[in-house]
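Architecture at a glance
Listed below, chain by chain, are the residues.
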Amino acid sequence: MHLKDKGFVEGAENVNRINETLMKRLTLPIVCAALGAVFLFSKGDTAYRPEPRENYEPVYMTRSELEGSVKYVEGERRMSDPGKIYVHGDRIFVNEKYRGVHIIDNSDPRNPRQTGFLVVPGCIDMAVKGEIVYVDNAVDLVTFDMASRTVTSRIRDYFPEHNVSPDGRQHDYPSGRPQGYILVRWDKSNLN
């Protein structure tokens, strides 16, 4: 009986060696065939697709358009890209980046109400003293009198152009555009 046990063990060892050899030889082809089938029959849903990113397009005005662009408009205007806030007396001034300044009557702090919008293309900053609002009209420094609702002075080319897009990825230089055009803002668009 002891000899039979020995033969049984040797037979089992041979079977194990055969199984190991088959597994080693077949594992790589089976894995390759399985991966191939996955790629072959997939509908492309596994492909990497980056999220759409924003692109910015420069918007220009001629010098004459820029100088005639500052004006006061009565009533409310929706805030879409607010920037800096300035409080002066009973008024709150909220910059709408590159577009102008919202004017808010805060004489009743529990019920502030928007009374108008100062259209100032290229505006990203402002200051107020008395009835005078100081704003950047793209590259120009402009003073606007709130009482008479008129531009009282303009210093041309006081500021550098905002030639870098808000995300810092794109640049626009005066040498690459027709003469006499001034960059006033960057508008968003999607890239796919």
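Structure report, in brief. Here the residue numbers are simple positions, counted from 1 along each chain's written sequence. Local features in this predicted model are restricted to residues of pLDDT 70 or higher, and side-chain atom pairs are both shown and tallied only at a pLDDT of 80 or more, whereas totals for entire chains, interfaces and linings draw on every residue. As a convention, hydrogens and water are excluded, and side-chain values are obtained from all of the structure's heavy atoms.

Note on conventions: DSSP H or I runs of at least 4 residues are helices, E runs of at least 2 residues are strands, and numbering of each starts at the N terminus. A tally of helices and strands in the protein yields two helices and 11 strands. Beginning at the N terminus, the succession of helices and strands in the protein can be written as α-β-α-β-β-β-β-β-β-β-β-β-β. Out of the 192 residues in the protein, the part that is buried amounts to 30%. The contact criterion used throughout is that any non-hydrogen atoms of two residues lie within 4.5 Å. Within the protein, counting contacts between residues at least 6 apart in sequence, those at least 24 apart form 48% of the total. Each accessible area value is a Shrake-Rupley result obtained with a 1.4 Å probe; residue values ignore everything except the protein chains displayed when judging cover. Approximately 13,300 Å² of the protein is accessible, and the part contributed by carbon and sulfur atoms is 56%. Each residue gets one of three labels from its accessible area relative to the maximum for its type: buried under 20%, exposed over 50%, partly exposed in between, using a 1.4 Å probe on protein chains only.

Take the sheet that holds strand E5 (residues 100–105) next. Here a strand pair is declared whenever DSSP counts at least two bridges between the two strands. What the five strands build is an open sheet, ordered E2-E6-E5-E4-E3; its pairing is antiparallel. The two strands at the open ends of the sheet, each matched to only one other strand, are strand E2 (71–74) and strand E3 (82–88). Neighbour to neighbour, the strand axes of the sheet diverge by 25° on average, direction disregarded. Of the pairings in the sheet, the one linking E2 to strand E6 (residues 113–119) comprises four bridges and is antiparallel in character. Among the inter-strand pairings, Tyr72 is bridged to a residue of E6, identified as Leu118. All axes here are fitted lines through C-alpha atoms, helices being fitted over the stretch that makes contact, and every angle between N-to-C directions spans 0 to 180 degrees.

In this structure, Asp136 sits in strand E8 (residues 132–137). In this tally, Asp and Glu contribute negative charge and Lys and Arg positive charge; neither His nor the terminal groups of the chain are included. The term salt bridge refers to a side-chain nitrogen of Lys or Arg lying within 4 Å of a carboxyl oxygen of Asp or Glu. Although Asp136 is buried, it forms no salt bridge, and the closest oppositely charged side chain is Lys84 at an N-O distance of 8.1 Å. Polar contacts involving the side chain of Asp136 include one to the main-chain amide nitrogen of Asp125, which spans 3.0 Å. Non-local contacts of Asp136, meaning those with residues more than four positions away in its chain, are made with Val120, Pro121, Gly122, Cys123, Ile124, Asp125, Phe159 and His162. Counted as a polar contact is a pair of N or O atoms within 3.5 Å, where, for protein atoms, one must be capable of donating a hydrogen and the other of accepting one, and residues adjacent in sequence contribute only when both atoms are in side chains.

Scope: geometric values only; no functional claims are made or implied.
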